[in-house]
Amino acid sequence: MLWFRERLILFDENVSTSADKQGIATTIAHEFAHQWFGNLVSPRWWSYTWLNEGFATYFEWFITAEVEKDWRIEDQFVIKEVQVALAADCLESSHPMTNLVNSPADISSIFDSISYAKAGSVIRMMSHFLSTNIFKAGLNTYLNAHHHNTAEASDLFTALHTSFLTVNPTSEISVIDVMNTWTTQMGYPVITVNRNYDTARTAKCQTGEIVQRFVQDHRERFLLTASADSSDNHDYKWWVPLTFTTNTSKDFTTTQTQIWLKASENETDLTDIAANDDWVIFNKQQI
């Protein structure tokens, strides 16, 4: 059974706007997604509410994009969900996606931008770094293994990692480790890209072309305003799937990870991503 607030699905061509029409489509898609993420497989405890609401948020945009291809829903996701998540998660009052829930008040508070917008954004990021086929296969494994039962985040990540290894059997990347850094701690990292044009720090690639060296630094959590007396002493570290393109390649569609910034490394030194006269754009499609 699906439940809708009536005001969210009523449409009159003489009164309703284009935004109303889009809102109806995404609302219906969101609630239909709960047939699988919530009804077929339920979170084992309220701490994993994002397994319901994050996937429903992700699929409300993904499904609508499949039906209405001219609405540019994928672009709107960045504004409506990713930016909302960034605004909520840059505060010291934020919380991890998988969060301790012990009381009715905790249950009420967990239905917020983190469980919806951030979770949907992290799931979108995951679908890109895994690839669509691996993502779909992993979700099928997860839903089939836990149908008419309960699950927690580790069950999802295990299923996705199994599917990832079938395509990348020699990979050292653990989907479980990557996703734990995004779901068990709050916030998100500042990624600083330093480009050194000093000829003393250039390197020659195999073709003999001069290549500029880049350094990626991701040592800190981004905070809008940091309190001077903050008691947060958590050591924030993330696995970051990095993508980029240059004016030589101009590839904005391939979004599988090109470079992993490891949680164990504060800096990653890159020497072969762009020639001296190339511009470089990181984070394609803001994934």
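So, how was this worked out
- Residues numbered from 1 in each chain as written.
- Predicted model: local features only at pLDDT ≥ 70, side-chain atom pairs only at ≥ 80, totals over all residues.
- Heavy atoms only, no water.
- Salt bridge = Lys/Arg side-chain N within 4 Å of Asp/Glu carboxyl O.
- Helix = DSSP H or I, 4+ residues; strand = E, 2+ residues; numbered from the N terminus.
- Buried < 20%, exposed > 50% of the residue type's maximum accessible area, 1.4 Å probe, protein only.
- Core = buried A, V, L, I, M, F, W, Y, C linked by side-chain atoms within 4.5 Å.
- Contact = heavy atoms within 4.5 Å.
- pLDDT = per-residue confidence, 0-100.
- Phe/Tyr/Trp six-rings, centres within 6.5 Å; stacked < 30°, edge-to-face > 60°.

(A) The arrangement of the pattern of salt bridges in detail. Throughout the structure, instances matching the rule amount to 6 salt bridges. The salt bridge involving Arg44 is made with Glu152; its shortest N-O contact spans 3.4 Å. Here the residue Arg44 occupies a position in the loop between β1 (41–43) and α2 (50–67), and Glu152 occupies one in the loop between β2 (149–151) and α7 (153–167), the gap between them amounting to 108 residues. Residue classification places Arg44 among the partly exposed residues on the basis of a relative accessible area of 39%. Taking the shortest distance from any N to any O, the salt bridge between Arg44 and Asp155 comes out at 3.5 Å. One end of the pair, Arg44, is in the loop between β1 and α2; the other, Asp155, is in helix α7, with 111 residues separating them in the sequence.

(B) Representation of the nonpolar core. Counting residues in hydrophobic clusters, the biggest one holds 56 residues, and the most contacted among them are Trp50, Phe55, Leu130, Phe135, Tyr142 and Leu156. Where this core is concerned, the elements lending two or more residues are α2, α5 (113–130), α6 (132–146), α7, α8 (175–183), β7 (240–242), β9 (259–261) and β11 (280–282). In terms of residue count, the dominant contributor to this core is α5 (8 residues). The contacts of Phe135, once residues within four sequence positions are left out, are Phe55, Tyr58, Ile123, Met126, Ser127, Leu130 and Leu160. Counting 6 residues, the second largest nonpolar core, distinct from the first, contains Trp61, Ala65, Phe77 and Val78.

(C) Examining the environment of Ala159 more closely. By the element assignment, Ala159 lies in helix α7. On the basis of relative accessibility, which here comes to 7%, the residue Ala159 falls in the buried class. Linking Ala159 and Ile273, residues 114 residues apart in sequence, is a C-alpha distance of 33 Å. In this structure Ala159 touches Gly138, Thr141 and Tyr142, once residues within four positions along its chain are discounted.

(D) Structural context of unusual backbone geometry. One non-glycine residue with positive phi stands out, namely Ser131, at about 95°. Relative to the helices and strands, Ser131 is located in the loop between α5 and α6. Residue class for Ser131 comes out buried when judged on its relative accessible area of 15%. In the Ramachandran plot, Asn283 falls in the positive-phi region, its phi being about 65° despite a non-glycine side chain. Residue classification places Asn283 among the partly exposed residues on the basis of a relative accessible area of 38%.

(E) How the structure looks around the confidence of the model for the protein. Mean pLDDT over the protein works out to 89, with 92% of the residues at or above the 70 mark. Below pLDDT 50 for its whole length, residues 199–208 participates in 15 contacts with residues either more than four positions away or in separate chains.

(F) Inspection of the packing of aromatic side chains at higher detail. For the structure shown, the criterion picks out 16 aromatic pairs. Note on Phe55 and Phe59: the rings are 6.3 Å apart at their centroids and 20° apart in plane angle, and the pair reads as stacked. Residue Phe55 and its partner Phe59 are both found in helix α2; the two are separated by 4 residues, about one turn of the helix. Judged by its relative accessible area of 14%, Phe59 is buried. Ring pairing ties together the aromatic residues Phe37, Phe55, Tyr58, Phe59, Phe62 and Phe135, which thus form one cluster.

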